[in-house]
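# Chain and residue survey
These are the residues of each chain, in order.
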Amino acid sequence: MESYDAVIIGSGLGGLECGYILAGHGMKVCVLERHAQPGGCLQTFQRGHIRFDTGFHYVGGLGEGQPLHRLFRYFGLLDLPWYPLDEACFDEVAVEGKTYAFANGYERFADTLAQRFPAQRGELAAYAAFLKHVGEHLFDAFRPGRHADELYTTSLFAQSAYDFLQETTDNPLLRKVLSGTSLKMELRAGTLPLYVFAQINSAFIQSAWRLRGGGSQIAERLAQHLRRMGGEVRTQAEVTRLTEAGGRLATVEVNGEERLSARWVISDVHPAYTLSLIDETKLLRNIYRKRIASLPNTFGMFTLHLRLKPDSVPYLNRNVFVHDNRSDSWHDRPEDGPKCVMISYYPPETNSSCASALDILTPMSWSEVMPWKDLQSGRRGESYAQLKADRAEACIRLASEQIPGLRDAVEKMYASTPLSYASYTHAFEGSAYGIRKDCTRPMYTVLTPRTPIPNLLLTGQNLNLHGILGVSVTSFFTCAEILGRETAMKGLELN
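The model shown is predicted, which means the values in this text are computed figures rather than measured ones.

To continue, consider the packing of helix α3 (residues 106-114) against helix α4 (residues 121-136). Here α3 crosses α4 at 155 degrees, and the two axes come no closer than 9 Å. Between α3 and α4, the angle falls in the class roughly antiparallel. Of the two possible hands of crossing, α3 and α4 adopt the one that is right-handed. Here Y106, F109, A110, D111, L113 and A114 of α3 lie close against α4, whose contacting residues are R121, L124, A125, Y127, A128, L131 and K132. Classifying every residue of the contact of α3 with α4 gives 10 nonpolar, no polar and three charged.

Summarising the element assignment, R259 is placed in strand β13 (residues 258-267). Residue classification places R259 among the partly exposed positions, given a relative accessible area of 38%. Not counting residues within four places of it along the chain, the set of residues in contact with R259 comprises M1, E2, V252 and E253. A polar contact is formed between the side chain of R259 and the side chain of E253, at a distance of 3.0 Å. Among the polar contacts made by the side chain of R259, one reaches the main-chain carbonyl oxygen of E257 at a distance of 3.0 Å.

So, on to the pairing of strand β17 (residues 357-364). Of all eight residues making up β17, eight are buried, and the element is well covered by its neighbours. Side-chain alternation along β17 places A357, D359, L361 and P363 on one buried face and L358, I360, T362 and M364 on a second face that is also buried. For strand β14 (residues 300-308) and β17, the ladder comprises eight bridges, and the chain directions are antiparallel. Among the inter-strand pairings, L304 is bridged to a residue of β17, identified as I360. Sheet topology places strand β16 (residues 340-345) next to β17; four bridges connect them, and they run antiparallel. Note that in β17 the partner of M342 across the bridge is L361.

Once that is clear, we can look at the sheet that holds strand β15 (residues 319-323). In space, the seven strands of this open sheet follow the order β8-β7-β15-β16-β17-β14-β18, with mixed pairing throughout. Both outer strands of the open sheet, β8 (98-102) and β18 (410-416), are each paired with one neighbouring strand and no more. Averaged over all neighbouring strand pairs, the angle between strand axes comes to 20 degrees, with direction disregarded.

Attention shifts here to the sheet that holds strand β6 (residues 82-84). Taking strand neighbours across the sheet as the criterion, the three strands line up as β5-β9-β6 in an open arrangement whose pairing is antiparallel. Edge positions in the sheet fall to β5 (59-60) and β6, since each has one partner strand and no second. Bridge count between β6 and strand β9 (residues 208-211): three bridges; the pairing is antiparallel. Across the sheet, the residue bridging to Y83 is R210, located in β9.

It is worth spelling out the packing of aromatic side chains at this point. Summed over the entire model, instances satisfying the criterion amount to 24 aromatic pairs. With centroids separated by 6.4 Å and ring planes inclined at 70 degrees, the aromatic side chains of F90 and F102 adopt a geometry described as edge-to-face. Of this pair, F90 sits in the loop between β6 and β7 (91-95) while F102 sits in strand β8, and the two are 12 residues apart along the sequence. Grouping residues by exposure puts F90 and F102 together as buried. The lysine or arginine in question, K184, covers the ring of F204, its NZ or CZ lying 4.9 Å from the ring centre. R291 extends its terminal NZ or CZ atom over the ring of Y444, reaching a point 5.0 Å from the ring centre.

Analysis parameters
- Every residue gets a number counted from 1 within its own chain, in the order that chain's sequence is written.
- This being a predicted model, a pLDDT of at least 70 is required before a residue's local features are given, and a value of 80 or more before pairs of side-chain atoms are given or counted; all residues contribute to the totals for chains, interfaces and linings.
- The side-chain values count all of the structure's non-hydrogen atoms but skip hydrogen atoms and water molecules.
- As a rule, the C-alpha atoms of each element are fitted with a line to give its axis, helices using only the stretch in contact, and angles between N-to-C directions run from 0 to 180 degrees.
- Under the scheme used here, helices are H or I runs from DSSP no shorter than 4 residues and strands are E runs no shorter than 2 residues, and both carry numbers assigned from the N terminus.
- Between 65 and 115 degrees an angle is taken as roughly perpendicular, under 35 as roughly parallel, over 145 as roughly antiparallel, and anywhere else as oblique.
- A crossing counts as left-handed when the near helix is turned anticlockwise from the far one by less than a right angle, and as right-handed when that turn is clockwise.
- Contacts were defined at the residue level, with two residues in contact if any of their heavy atoms lie within 4.5 Å.
- Ten residues, namely Ala, Val, Leu, Ile, Met, Phe, Trp, Tyr, Cys and Pro, are considered nonpolar, four, namely Asp, Glu, Lys and Arg, are considered charged, and the remaining ones, Gly among them, are considered polar.
- Only protein chains enter the accessibility calculation, which uses a 1.4 Å probe. A residue is then buried if its area is under 20% of the maximum for its type, exposed if over 50%, and partly exposed in between.
- The definition of a polar contact used here is a pair of N or O atoms within 3.5 Å, where within protein one atom must be able to donate a hydrogen and the other to accept one, and adjacent residues in sequence count solely through side-chain atom pairs.
- DSSP bridges decide pairing: two strands pair if at least two such bridges lie between them.
- The aromatic pairing rule takes the rings of Phe, Tyr and Trp, using the six-membered ring of Trp, and pairs them if the centres are within 6.5 Å, calling planes under 30 degrees apart stacked, those over 60 edge-to-face and the rest tilted.
- As a reminder, the over-ring test applies to NZ of lysine and CZ of arginine, requiring each to be within 6 Å of the ring centre and within 35 degrees of the ring normal.

Here is the structure:
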């Protein structure tokens, strides 16, 4: 039986980053991935001559001296073909028949919107200043004298993002605009913590970037680095059981037959699925299992991948968020149909001024696809195909408000639902952002890496902050439980 210092379940961003950190400190590491391609939501797929992203679209805070730049410098990811979006308008919000530009830089962001909302100039300056303050303190929990738990228990996790916006401005249109790039997170008036809203928006206001060639390059580069350091990344290796002995997890069963020994086990998959791999044990009380199983998950995503006819749609170096007149991002239910879409263009592989492909995304609930959850892809029947066709039509209709002639410009379209994400990335219930964080119950829904089993740790988007930045930060917190904080952070330049 092969023995490892750490076995990591899942090769999503968090799993690969944990493997990188631990291997870099001399540990023998094995990352196990049940699918043929590592990366989780970073996976790509080829259709014709176009490579589409599964879940990755753009990142924030990658500029020199910014948070993601520090993290990706550590992980050796800065030399990938990053593509900066337009600083004057990296995101465009279309609402109530008008469009509004989100600009990079806190002051420029506020000044640009103040041209459209002159009476709210002071409110916008205060809003931007608050986001800047939150962004500047992202790494506070890493510093000496601070405990990592402070990130999880800080008052901003216990404050409502919705209430914050209501208090920031009494202009309802401005509130809609500031909430208009909502598909970066699940906007829910009763639950979304202010910390999640502020930290994610802050990063994108700093800078916004696409990756030419697809997000799988991130996973491939991390896997290459990990292997060079002596680690293993194994695909088509599904963890089927975790066995306890002597008060700790002792063995990891792979594909129902092979067994690995591990001093530490790190799970980058959903906590509820992780616990389902463990037989009854006194280490896990039923109340803990029930608590994790009862945590609600965020909505999933319907994505329409469009291959475009040559020279038919001009490339826009920004994302466009289109809201219909019924849209209320904080109270809309995905099952009521698309009221908002995000349009994300793929950077041209040549110097062409036109796009060859784009994605249209809109929220979709797990309940809408549950009737087909036990059926294999390609065998879900006409009713499932009709569901996708109806949702695709609604997305095209809404996106066409900002891209006239889009329907005629489509050469081929491919649709994915939360079922697709669950099948190909093992996202629990096809959730886009993992477990729903609840500002009314932060200590219950914001998880730490520790579990009741002393050598089982968690990582990934289900813990505290989702997205590329949030998962990267969490990977250090997870590894600090093994290495100690000072050792884990060594090489991560915080100043």
